[in-house]
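# Chains, contacts and geometry: an overview
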Amino acid sequence: VEQQVDPNNANQIILLAGSSANLAEKLTQTLQQEVISINEANEIDYYLKVQHILQDQLKQKNTTNLIVIYQDKEYIDYGFISGLLKTAALEHPKLTTKTIGVPSLSIGELEVLSDIIQAEQKDLTAEVRYTPDKREVPSITPLLPASQPTNTPIIKEKGVYLITGGTGGLGKIFAQHIAKTPNTQIILTARSKESKLSIQQLKKLNASYQPCDVTHQASVEHLIEKIIKSHGKLDGIIHSAGVIQDSFLANKTDQEAFAVLSPKILGAKYLDHATKELDMDFTIYCSSISAVLGNPGQADYASANAWMDTYAHYRNNLKNQGKRKGHTLS
């Protein structure tokens, strides 16, 4: 994304995600510019806090360079804000934005942090991560066609599969694909009490419908318990539930953002917690290229998908530690 603002002539705002107010105060004194500590209770409140800060700058029509800094080990909680920031920069030519992951956010690293911030303010790269010995930036590479790509989920005969958002467009496509394998059992779920698919359509897919609001943990746990009781196992999950509430950042309300963020973030989290003891083959999150590039009108949607991207990485790390089963793909 080519950004047009000269950061040297912009209002500089530094946000420290998950850091102490004391460190923010020390950096403010050292850098002679505003540094704000953000310590919200959860991912969605954090998103809304940054959204409000950006909206204030838009109202004032300031030329602004906004940087969010977080600890690398807390990338799940804070890194996904890149979706919001990239979208904001696309929508508003007076904004430049950046996320920076660092090994540590502590007063003991004050000098190192100051050096990083001063160097990064002059660079227009939208995402940066520092390890103890190098600086990294993400890149996009083509996925080459293959007859059987590595980690492609295999649908197996007599497998049991759950699809959230199961009666939507994506859900039906996945269900039709799974149903090609003999004797599979498909559980479709959505918030509606009644299925949008007819009894005949469900029968053709060898599917059943179970209402579930994935933003409510108790509802998700009850659904998983019911599946295990009825089928004895669960072989894979496709999380395709999602909501779109498109509007530009200047007009975006908290209610719209919450409606978009919660099914993807809370849904993925609650599904993972409810199935962490199960011997599944795969978990799939339906993300979007907006998570990587941002997209005008979809700051919340881009961030929600970016969160799922990072959670897939996190869940695969848990699998490598023996704490989860099955490959996770976003």
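Here the structure is shown first, and the text comes after it.
Attention here is on the structure that accompanies the text. A quick note: this is a predicted structure, and the numbers were derived from the prediction, not measured. (Residues numbered from 1 in each chain as written. Predicted model: local features only at pLDDT ≥ 70, side-chain atom pairs only at ≥ 80, totals over all residues. Heavy atoms only, no water.)

A word on the packing of aromatic side chains. Following the criterion strictly, the structure yields 6 aromatic pairs and no others. Aromatic side chains Tyr161 and Phe282 sit 5.8 Å apart centroid to centroid with 15° between the ring planes, which places their arrangement in the stacked category. Of this pair, Tyr161 sits in strand E7 (residues 160-164) while Phe282 is found in strand E11 (residues 282-285), placing the two residues 121 residues apart along the sequence. The class of Phe282 is buried, set by a relative accessible area of 3%. Relative to Tyr311, the ring of Tyr285 has its centre 6.4 Å away and its plane inclined at 55°; by these criteria the two rings are tilted. Within this pair, whereas Tyr285 is found in strand E11, its partner Tyr311 is found in helix H11 (residues 299-320), the two being separated by 26 residues in sequence. The exposure class of Tyr285 is buried, given its relative accessible area of 3%. A relative accessible area of 3% places Tyr311 in the buried class. One aromatic cluster is present, built from ring pairs that chain together Tyr285, Trp307, Tyr311 and Tyr314. (Phe/Tyr/Trp six-rings, centres within 6.5 Å; stacked < 30°, edge-to-face > 60°. Helix = DSSP H or I, 4+ residues; strand = E, 2+ residues; numbered from the N terminus. Buried < 20%, exposed > 50% of the residue type's maximum accessible area, 1.4 Å probe, protein only.)

What follows covers the pattern of salt bridges. According to the stated counting rule, one finds 14 salt bridges in the structure shown. Ionic pairing is found between Arg135 and Asp123, a salt bridge with its closest N-O pair at 3.3 Å. Of this pair, Arg135 sits in strand E6 (residues 135-136) while Asp123 is found in the loop between helix H5 (110-120) and strand E5 (127-130), placing the two residues 12 residues apart along the sequence. Taking relative accessible area as the criterion, Asp123 reaches 28% and is therefore assigned partly exposed. A salt bridge links Asp300 to Lys252; the shortest N-O distance between them is 3.0 Å. Linking Asp300 in helix H11 with Lys252 in the loop between strand E10 (236-239) and helix H9 (254-275), this pair joins segments that are 48 residues apart in sequence. For Asp300, a relative accessible area of 0% puts it in the buried group. A relative accessible area of 4% means that Lys252 is categorised as buried. (Salt bridge = Lys/Arg side-chain N within 4 Å of Asp/Glu carboxyl O.)

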